[in-house]
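# A structural walkthrough
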Amino acid sequence: MLKANPNYLKLPGSYLFSTIAKKVAAYKEANPDRTVISLGIGDVTQPLPPSVIKALHGAVDEMASKEAFKGYAPDLGYDFLRNAIAENDYKKRGCDIAADEIFVSDGAKSDSGNIQEIFDEGCRIAVCDPVYPVYVDSNVMAGRTGTYDEKTERWSDVIYMPCTADNNFVPDFPEEAPDIIYICSPNNPTGTAMAKSDLQKWVDYANEHKSVIIYDAAYESYISEEDVPHSVYECDGARTCAIEIHSFSKNAGFTGTRLGYTVVPRDLKDADGVQLHGLWARRHGTKFNGAPYIQQKAGAAVYTAEGQAEIRTLVSYYMENAKTIRDALVSAGYTVYGGVNAPYIWLKTPDGKKSWDFFDHMLEDANVVGTPGSGFGPSGEGYFRLTAFGTHENTAEAVARIKRL
Ligand code: MLT
């Protein structure tokens, strides 16, 4: 008898950003005269850097030539890109990561959703709360999260680690040791970042408890403070306990172009000594035919001297927005976090308003779209996220509208 995967049927509602998109589309249809500004989903607004565009054109021309044409890409990635990543993102930072420990993919979202497949269904996951919804939802799909309680908005088998102003957005160690620990720093959605000393404690904890840290470093290029690590492998002992996920979307504008990578060190093993590197390679080989050559050439251009200078300009552009939003909200009396090492501002809703009520208020009265904090988990209730990925003009207009509320 044909039956749908029952794990999927457990998922409440649609994916957070699809729900928001539907609400905004309905509002726009009912109010065609209003100009709605989106500071909701963290999607970039600036064009791809010139050296990336040049590399894309060059790669397209190669594909048009009989000599240079490429068919299937190697499923783990082309050496030219894996070597550039190993050199620039790791060796230059003093991290011991080899090119063949880097798996090129079509993006960090896919990798952060798929990586759970290489672990046993019985593994217990711990997530920071609030959390990027992909980590939890993908584990729900895998049948690892137990039952959902609509009242508390929690899954029975997930360990939630609150990250709030009270603990300076650094999770406390849970009572029960998890098998898989998701950490995103700089953090989506709170826009805060962990200091190296705090991350080192988590690496030590994971090694001691034989857990694995899945470290999402998608926002590392936004780090401005010295004591914030750009990679988990800056911490001693991370090779035996951490997987790291990276994106080209936020630093180089690849949200629509798609490229990312994941690092699985060869020293990382399960309790029986099974190398997780081999399992992830097996998964890539079976389910993935490699990121397109054209995108990988574009990714390699990011690591050239010009590419690096251009992405610094892009990051500065968005971080100016972060400052605009932070300064305006603070002067309007809001309590705000983030926006220093990340392109997200996390604000406390005024008068204890529920996150979704504040979302409606912002949409209807300021025509500004943000993301309700409760969409990221129970500890996000009473908070709201704004992204710095807008244009300068829209960001300035959005904050002016918010200040008039
Ligand atoms: C977000 O808005 O949280 C991001 O766009 C998520 C993502 O990168 O998938």
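What counts, and where the lines are drawn
Residues numbered from 1 in each chain as written. Predicted model: local features only at pLDDT ≥ 70, side-chain atom pairs only at ≥ 80, totals over all residues. Heavy atoms only, no water. Patch = residues over 30% accessible without salt bridge, like charges linked within 9 Å, V, L, I, M, F, W, Y side chains within 5 Å. Areas by Shrake-Rupley, 256 points an atom, 1.4 Å probe, with all protein chains shown as cover. Salt bridge = Lys/Arg side-chain N within 4 Å of Asp/Glu carboxyl O. Lys, Arg positive; Asp, Glu negative; His and termini not counted. Charge placed at Lys NZ, Arg CZ, Asp CG, Glu CD. Helix = DSSP H or I, 4+ residues; strand = E, 2+ residues; numbered from the N terminus. Buried < 20%, exposed > 50% of the residue type's maximum accessible area, 1.4 Å probe, protein only. Expected span 1.5 Å × (residues − 1). Arc of directions from axis to C-beta. Contact = heavy atoms within 4.5 Å. Domains from an automatic or database assignment. Buried area = accessible area lost by both parts, 1.4 Å probe. Nonpolar A, V, L, I, M, F, W, Y, C, P; charged D, E, K, R; others polar. Phe/Tyr/Trp six-rings, centres within 6.5 Å; stacked < 30°, edge-to-face > 60°. Lys NZ or Arg CZ within 6 Å of the ring centre and 35° of its normal. Axes fitted to C-alpha atoms, helices over the stretch in contact; angles between N-to-C directions. Left-handed = near helix turned anticlockwise from the far one by under 90°.

## Side note on a negative patch on the surface
- On the surface, a cluster of negative charge is made up of Asp149, Glu150, Glu153, Asp357 and Glu381.
- Mapped onto the elements of the fold, Glu381 is located in the loop between β14 (371–372) and β15 (383–387).

## Observations regarding the pattern of salt bridges
- One pass over the structure, following the stated rule, counts 13 salt bridges.
- Residues Lys70 and Glu62 are paired through a salt bridge, measuring 3.8 Å at the closest nitrogen-oxygen approach.
- For Lys70, a relative accessible area of 24% corresponds to the partly exposed category.
- Its salt-bridge partner being Asp267, residue Arg239 comes within 2.9 Å of it at the nearest N-O pair. Of the two residues, Arg239 sits in the loop between β8 (212–216) and β9 (242–247) while Asp267 sits in the loop between β10 (260–263) and α9 (276–287), which places them 28 residues apart along the sequence.
- One network of salt bridges, with partners in common, ties together Glu101, Arg239 and Asp267.

## Let's talk about helix α12 (residues 355–366)
- Taking 1.5 Å per residue as the helical rise, α12 with its 12 residues ought to reach 16 Å, and the 15 Å between its terminal C-alpha atoms agrees with that figure.
- Where α12 is concerned, the buried positions are Ser355, Phe358, Phe359, Met362, Leu363 and Ala366. Projected down its long axis, α12 carries its buried residues within an arc of 135°, all on one side.
- Of the surrounding elements, those touching the buried residues of α12 are α2 (16–30), β12 (344–348), β13 (368–369), β14, β15 and α13 (392–404).
- Looking one or two residues beyond α12, the residue adopting positive phi is Asn367, at roughly 55°.

## Regarding unusual backbone geometry
- Cis geometry is adopted by the peptide bond preceding Pro186, which originates at Ser185 and carries an omega value of -10°.
- Assignment of secondary structure puts Pro186 in the loop between β7 (180–184) and α7 (196–209).
- Here the bond from Asn188 into Pro189 is cis, since omega is 20°, no more than 30 degrees from zero.
- Within the secondary structure, Pro189 is located in the loop between β7 and α7.
- Positive phi values are uncommon outside glycine, yet Phe169 reaches one of about 65°.
- Within the fold, Phe169 resides in the loop between β6 (158–162) and β7.
- Positive phi, close to 55°, is recorded for Asn367, a residue that is not glycine.

## Considerations on the domain arrangement of the protein
- Per the domain assignment, the segments of the protein are domain 1 (14–47 + 306–403) and domain 2 (53–304).
- On the domain 2 side, the residues contacting the 30 residues of domain 1 number 41 residues.
- When the buried surface of domain 1 facing domain 2 is broken down by residue, Tyr15, Asn341 and Pro378 rank first, second and third, together holding 24% of it.
- Across the contact surface, domain 1 and domain 2 share 0 salt bridges.
- Where the side of domain 1 that touches domain 2 is concerned, the elements lending two or more residues are α11 (305–331), β11 (336–338) and β12.
- Split by residue class, the side of domain 1 that touches domain 2 holds 17 nonpolar, 10 polar and 3 charged.

## Examining the packing of aromatic side chains
- One pass over the full model with this rule turns up 26 aromatic pairs.
- The interplanar angle of 85° and the centroid separation of 5.6 Å between the aromatic rings of Tyr317 and Tyr318 together place this pair among those described as edge-to-face. Both residues of the pair, Tyr317 and Tyr318, count as buried.
- Site record: aromatic cluster; members linked through ring pairs are Tyr90, Tyr233, Phe248, Phe254, Tyr261 and Tyr303.
- The lysine or arginine in question, Lys70, covers the ring of Tyr293, its NZ or CZ lying 4.5 Å from the ring centre.
- When the ring centre of Phe80 is taken as origin, the NZ or CZ atom of Lys297, which lies over that ring, is 4.8 Å away.

## Some details on the packing of helix α3 (residues 50–63) against helix α10 (residues 293–301)
- Viewed as axis vectors pointing N to C, α3 and α10 meet at an angle of 145°, and their least axial separation amounts to 8 Å. Taken as a pair, α3 and α10 cross one another with a handedness that is right-handed. Side by side, α3 and α10 meet where Ser51, Val52, Ala55, Leu56, Ala59, Val60, Glu62 and Met63 of the first sit next to Tyr293, Ile294, Lys297, Ala298 and Ala301 of the second.
- Partitioned by chemical class, the residues of the contact of α3 with α10 number 10 nonpolar, 1 polar and 2 charged.

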